[in-house]
Number of protein chains: 4
Amino acid sequence: MTVTRPFLSDNAARVHPKVWEAMRAADSADNPYDGDALSAQLDERFSDLFGRECAALWVATGTAANCLALATMVQPHGGVVCHTEAHIEVDEGGAPGFYLHGAKLMLCADSHGGEGAKLTPEGIAALIDPIRDDVHQVQPHAIAITQASEYGRSYTKTELQALNAFAKERGLGLHMDGARFANAAAFLGGSAADAAHGVDSLAFGFIKNGAMSAEAVVLFDPEQASLAKYRRKRAGHLQCKGRYLAAQILAMLEGDLWLENAAHANAAAREIASGCGDRLMHPVEANELFVCLSGADREALRAQGFAFYDWGADAARFVTAWDTREDHASALGKAIASL
Amino acid sequence: MTVTRPFLSDNAARVHPKVWEAMRAADSADNPYDGDALSAQLDERFSDLFGRECAALWVATGTAANCLALATMVQPHGGVVCHTEAHIEVDEGGAPGFYLHGAKLMLCADSHGGEGAKLTPEGIAALIDPIRDDVHQVQPHAIAITQASEYGRSYTKTELQALNAFAKERGLGLHMDGARFANAAAFLGGSAADAAHGVDSLAFGFIKNGAMSAEAVVLFDPEQASLAKYRRKRAGHLQCKGRYLAAQILAMLEGDLWLENAAHANAAAREIASGCGDRLMHPVEANELFVCLSGADREALRAQGFAFYDWGADAARFVTAWDTREDHASALGKAIASL
Amino acid sequence: MTVTRPFLSDNAARVHPKVWEAMRAADSADNPYDGDALSAQLDERFSDLFGRECAALWVATGTAANCLALATMVQPHGGVVCHTEAHIEVDEGGAPGFYLHGAKLMLCADSHGGEGAKLTPEGIAALIDPIRDDVHQVQPHAIAITQASEYGRSYTKTELQALNAFAKERGLGLHMDGARFANAAAFLGGSAADAAHGVDSLAFGFIKNGAMSAEAVVLFDPEQASLAKYRRKRAGHLQCKGRYLAAQILAMLEGDLWLENAAHANAAAREIASGCGDRLMHPVEANELFVCLSGADREALRAQGFAFYDWGADAARFVTAWDTREDHASALGKAIASL
Amino acid sequence: MTVTRPFLSDNAARVHPKVWEAMRAADSADNPYDGDALSAQLDERFSDLFGRECAALWVATGTAANCLALATMVQPHGGVVCHTEAHIEVDEGGAPGFYLHGAKLMLCADSHGGEGAKLTPEGIAALIDPIRDDVHQVQPHAIAITQASEYGRSYTKTELQALNAFAKERGLGLHMDGARFANAAAFLGGSAADAAHGVDSLAFGFIKNGAMSAEAVVLFDPEQASLAKYRRKRAGHLQCKGRYLAAQILAMLEGDLWLENAAHANAAAREIASGCGDRLMHPVEANELFVCLSGADREALRAQGFAFYDWGADAARFVTAWDTREDHASALGKAIASL
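Residues numbered from 1 in each chain as written. Chains lettered and ligands numbered in written order. Predicted model: local features only at pLDDT ≥ 70, side-chain atom pairs only at ≥ 80, totals over all residues.

**Considerations on the overall build of chain A**
A count of helical and extended segments in chain A gives 14 helices and twelve strands. In terms of overall dimensions, chain A is globule-like: its C-alpha atoms have a radius of gyration of 20 Å, near the 20 Å expected for 339 residues. In chain A, which comprises 339 residues, the proportion classed as buried is 60%. Looking at chain A alone, contacts between residues at least 24 apart form 75% of all its contacts between residues at least 6 apart. (Helix = DSSP H or I, 4+ residues; strand = E, 2+ residues; numbered from the N terminus. Rg over C-alpha atoms; globule rule 2.2 N^0.38 Å. Buried ≥ 20, exposed ≤ 12 C-beta atoms within 10 Å, placed from the backbone. Contact = placed C-beta atoms within 7 Å.)

Written as structure tokens, this is what we have:
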């Protein structure tokens, strides 16, 4: 049967009408690359949003955004501490190894103290302290966290403060993969500043949330902007018609469309969660649900037109998006409840 | 005064209406990345166009397209023979060094036998034969040519046959940077197959010619497609909403829009050339003009609203595009003639 | 007190008198780099030793030897399956990431089926099969095993046959880190051919076993020798007075000095083991012992002049070498037995 | 006939007796890697020699020494300005591209103002100023000069002061390739400090001058030592028996053996030069001679047992070394004079 109720991923969602509109409005010729009038607004717009000075660059993918940000803080012989299930480790085809010229991802598992794929200072210390200053071992240069995490959990401002203090003390950079930053921020109360508290860089995702092809690399040390711009060019990510990317981002920021879209997706996730009971593997804070479901259960749901990914042998992952229909979410919650 | 008659570059041109249309039509959700129905058509469409089996991948920039293609034939310890003024050498911010992991660009100047930044087998041989099999010197793995060349010249089928034979004999790959492939093909008579005769790979440019953000990596050894796909992902160029890029390319191929657009630009260039007389530094075959003009001449033209780049101290470069207005081209030709 | 009975590591041992002799004999001028008469003998000598055609190159460290061998089979976007505790993962300062341009080490733990840091086809399959052909995940290009393993265990010919068959079936290269290859070969009965059965490349270690600064990269596909030679030069490992390295290796091969030295070290290890009883964490097959010893026990041993490394909180590692004195080994065994 | 009078290169010369002696004296076991008592002396010994604080690391080749030093000042997206005929460009098999992760060598020809392959501030400025701050072009991060130059010329203290001032003004590092630093220093009067005036790093060559396998990376910003040590390990150049390399270097420094050996080689070169008249292509300052000689002339010399390399079609290169016999030099000078 035709799939009519999609919960596979937010990364194939449609482009928001306001984004389309902004792109069309950018059609008239302007300076190429990032010399256009729209790209020129990014630094200021993001500085306003976060309440601290930053530089912002558009790129076409979250993978590139993460890697360019990390390149400002990690040298080729260094390492990046991240969770064992971090997207940069398991889903980016080795991009960090490429962009960071062989730097190492140093994996921290939940057993190190966090939960839901979140990192803690204690967990990181347990990983890196035993090898400190050992020339035979790659030394960490940065920490990478994901907001919301790979299991849809959010870092609170307090948790971020602790990570920031730890990173500073150890001389490490602190990067945030924000593919679903909007969903985390919406959950945390809507403050971009709080949701990115204390990080040195943020890959701010818009594509899963209504844009077509534009993410932002946000650098809270604006002096790193030059390095990131040379690296972006070198990676083939300096598009000559950059105005269309800037337009997408500006449209998403305008009137907090980014928050509005995320809030919609989060609400849909909560609606589904309401039917899941103790099947939930993780608290639902953003727009992803990890639900214990037997093979037969999953089959039953698919027979009703719900599309989603298996998560191992006994669970499934559901993802909502800015354009998830409320009736679909409601139906899914009920369908799971009645299994 | 406001610039009203732009000849700076084709890379900031508007997006063609048919491309906009195709992108909008791709809006409904589909599989992410390149799993969508549009991306699935690329291999066949390009195979038809070139009359030989090939694989085709979309990417967002010509820089990425060139580098991914070269990565199929050049190992990190090898080199790429290209012209001293090749775009990959002078304008891509070191991207080949990044994508090819330190492989070397081996520069061949016009003094080696070509003209207008074109390469010849004799010129290449003069460069690489003296170092053959010397472990202290980087050995070439591939040749990269540009169609149309950096000075707007085209390689004929005969010239390409000679380069192909030479490359085969020396065990080298042959890559074509086709940022303005359409303009060259239009000049050569409209056959894509002839304009790319004998090359192993082609970075087929659409962005300067009416697209927004999609170029094609065309691999005439389809077995290399897998490698290129892993490298594309690794470079952060596998966009999750790839259907919008595929849509652009398909729109450009449909009804030979790519040729029609290029023919328009070429005609505008010829119109301008008709006023340049012996000021022309190179025959005008595609959509670029290099014109000897004193500083005073250039000032006079700019006072009339013509925008263009200086080319050294005594010349200027003019570029036409698919959306260049005929009255602008005509006016420019006359203005130069009357200097 | 002065350390008089050293069991820290074999990598600081003295140079064997016959190696010194051979180096002195190489002093008269000859062709530089690897163009000398001694380097010219390596291919044949190793082909004879292994009973199959191979190419052999000297390098100054095992790290370089492993990496150059892996570079013949792993592309930058690929991965190398190795044990979680493999030397290339934990002790080479990120060298594989450097030499392989960001390729990924894919870690297989003992829980995947082997023991003593040995890999099995089943364990590898469990790691790589679930991600097969997923462009978002790094794909394996090679397997790296260590002979003797990081816990002093040896792969038998039968085990190597199984790994070879598995690697062939999956299209993977099979590399052997042989930093202590001699000790494994001596344990397995003295056949170099059996101890390296079915591998595509071997980093044959001599430095821990009596040489000063020469290891051999042995490539069982001699066609890869050219690539390895260009990579060796590129890595700054093509020494201009290479004859002194070749001399070391030839001296070690002459009259099977490599086996004789290893047999001595192994015998010393067995002598120690005879006093360890069930304190042994792993069977002693080569020249390393991992012994459960409390902090007080270790202190007591050190007070008797024995030098060794702690192995976590409750154990110690002892390593014997070609120049370990028999009375030292005997004394150590007795000292442990009497704890 | 047997070659009896060798002038091919200094890089295949014998090892000096005092170096042998020092190596043998280092045979007793010590800490591995660079933890031994000899390696521990290097920083102080070189600081004394140069009269300014520095850190010094041994490595096995000049290629590695140059690359590790450059890695302390050049990021992967940057460039190194060097002469068109610099050794790092033409003779190191692409090693800088490897060690610097694709950074670009930016070539400065003699036409830019220097002579004998020496660089000048004016020549460098002409190369780099036109591309300043252009994101499409690789930006320079460092300058690399060679002392003595590829044509045997020396930089005076005054010239080095000018280069230092220029580099500082442009924010560039200044590296010196000193494969024949001893010969330049001997020519300039014997002061190591003057011959390396104002540089940030020096690859101090000993191998061509009497050592076996040890060069020194000298970093005049000791804070860079840590980075260089991690990079050395990562490149497979941290030998476990490093004491034998330290011993070589210390023996060369002891009693200024390095200067004595170089003075001998220089004197032999001057002796030959005295017979060359206006055949000399470059003034003879160090231990290399470039001499205009027809094919017949070269044949005549070779018939007399002189060994040397052709230098293009109409010239030859002769190199003297610490062990060049005075009668050979004298005979060569006379033989050329009588052609």
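**Quick look at unusual backbone geometry**
Backbone torsion omega between Gln147 of chain A and Ala148 of chain A reads -5°, so that peptide bond is classified as cis. Relative to the helices and strands, Ala148 of chain A resides in the loop between β5 (139–146) and α7 (157–170). In this structure, Ala117 of chain A takes a positive phi of about 65° despite not being glycine. With respect to the element layout, Ala117 of chain A can be found in the loop between β4 (104–108) and α6 (121–128). Among the residues examined, Ala117 of chain A registers 23 C-beta atoms within 10 Å and is labelled buried. Positioned with a positive phi, Asp256 of chain B is a non-glycine residue whose angle comes to about 55°. Of note, Asp256 of chain B is situated in the loop between α11 (243–253) and α12 (257–273). With 17 C-beta atoms packed within 10 Å, Asp256 of chain B lands in the partly exposed category.

**A short note on the relation of the copies chain B and chain A**
The second copy of the chain is related to the first by a rotation about an axis and a shift along the axis. When chain B is fitted onto chain A, the two copies agree to an RMSD of 0.0 Å after a turn of 180° and an axial shift of 0.0 Å. Expressed as an axis order, the relation between the two copies is that of a two-fold axis. Proximity to the rotation axis, assessed at the C-alpha, singles out Ala235 of chain B in chain B; its C-alpha lies 3.5 Å from the axis. When the interface residues of chain B are mapped onto chain A, 100% of them are again interface residues, pointing to one common binding face. (Least-squares fit on C-alpha atoms with pLDDT ≥ 70 in both.)

**As for the interface of chain B and chain A**
Counting residues at the interface gives 35 residues for chain B and 35 residues for chain A. Listed by contribution, the elements that provide at least two residues to the side of chain B that touches chain A are α3 (62–71), α5 (95–99) and α10 (225–234) of chain B. Residues of the side of chain B that touches chain A, tallied by class, amount to 17 nonpolar, twelve polar and six charged. (Nonpolar A, V, L, I, M, F, W, Y, C, P; charged D, E, K, R; others polar.)

**Some remarks on the domain arrangement of chain A**
Residue and element names in this part refer to chain A. You can read the domains of chain A as domain 1 (5–12 + 258–337) and domain 2 (17–257). Just the C-alpha atoms count here: the centres of domain 1 and domain 2 sit 26 Å apart. Facing 20 residues of domain 1, the contacting portion of domain 2 comprises 23 residues. Elements that contribute at least two residues to the side of domain 1 that touches domain 2 include exactly α12 (257–273) and β9 (288–292). No other element matches α12, which puts eight residues into the side of domain 1 that touches domain 2. When the residues that make up the side of domain 1 that touches domain 2 are grouped by side-chain class, the tally is eleven nonpolar, five polar and four charged. (Domains from an automatic or database assignment.)

**Side note on the sheet that holds strand β12 (residues 315–319) of chain C**
All names here are of chain C. Judged by pairing direction, the sheet is antiparallel, and its three strands sit side by side in the order β9-β12-β11 without closing on themselves. Looking at the sheet topology across the chains shown, the edges are occupied by β9 (288–292) and β11 (309–310). The pairing of β11 with β12 spans two bridges and is antiparallel. Within β12, the position partnered with Tyr309 by the bridge is Arg317. (Pairing = 2+ DSSP bridges.)

**Some points on the pairing of strand β2 (residues 55–59) of chain D**
Residue and element names in this part refer to chain D. Along β2, five of the five residues are buried, which leaves the element largely enclosed by surrounding structure. In β2, alternate side chains face the same way, and those of Ala55, Leu57 and Val59 on one face and Ala56 and Trp58 on the other are all buried. Alignment of β2 against strand β8 (residues 215–219), held across five bridges, turns out to be antiparallel. Along β8, the bridge assignment pairs Ala55 with Leu219.

**Some details on helix α3 (residues 62–71) of chain D**
Counting buried positions along α3 of chain D yields ten of ten residues, so the element is predominantly enclosed. When α3 of chain D is considered as a whole, its buried residues turn out to be Gly62, Thr63, Ala64, Ala65, Asn66, Cys67, Leu68, Ala69, Leu70 and Ala71 of chain D.

**Looking at the relation of the copies chain B and chain D**
Superposing chain B onto chain D takes a rotation of 180° combined with a translation of 0.0 Å along the rotation axis, leaving an RMSD of 0.0 Å. In this assembly the copies share their binding face: 100% of the residues contributing to the interface of chain B also contribute to that of chain D.

**Side note on the sheet that holds strand β3 (residues 78–83) of chain B**
Residue and element names in this part refer to chain B. One open sheet holds the seven strands; their spatial order is β2-β8-β7-β6-β5-β3-β4, and the pairing between them is mixed. Among the strands making up the open sheet, the edge pair consists of β2 (55–59) and β4 (104–108). On average, each strand axis in the sheet is tilted by 25° relative to the strand beside it, whichever way the strands run. Note: strand β6 (residues 173–178) against strand β7 (residues 201–204), four bridges, orientation parallel. Looking across to β7, one finds that Gly178 is bridged to Phe204. Against the sheet, helix α2 (residues 42–50) touches β2 and β8 (215–219), its axis set at about 115° to β2. (Axes fitted to C-alpha atoms, helices over the stretch in contact; angles between N-to-C directions.)

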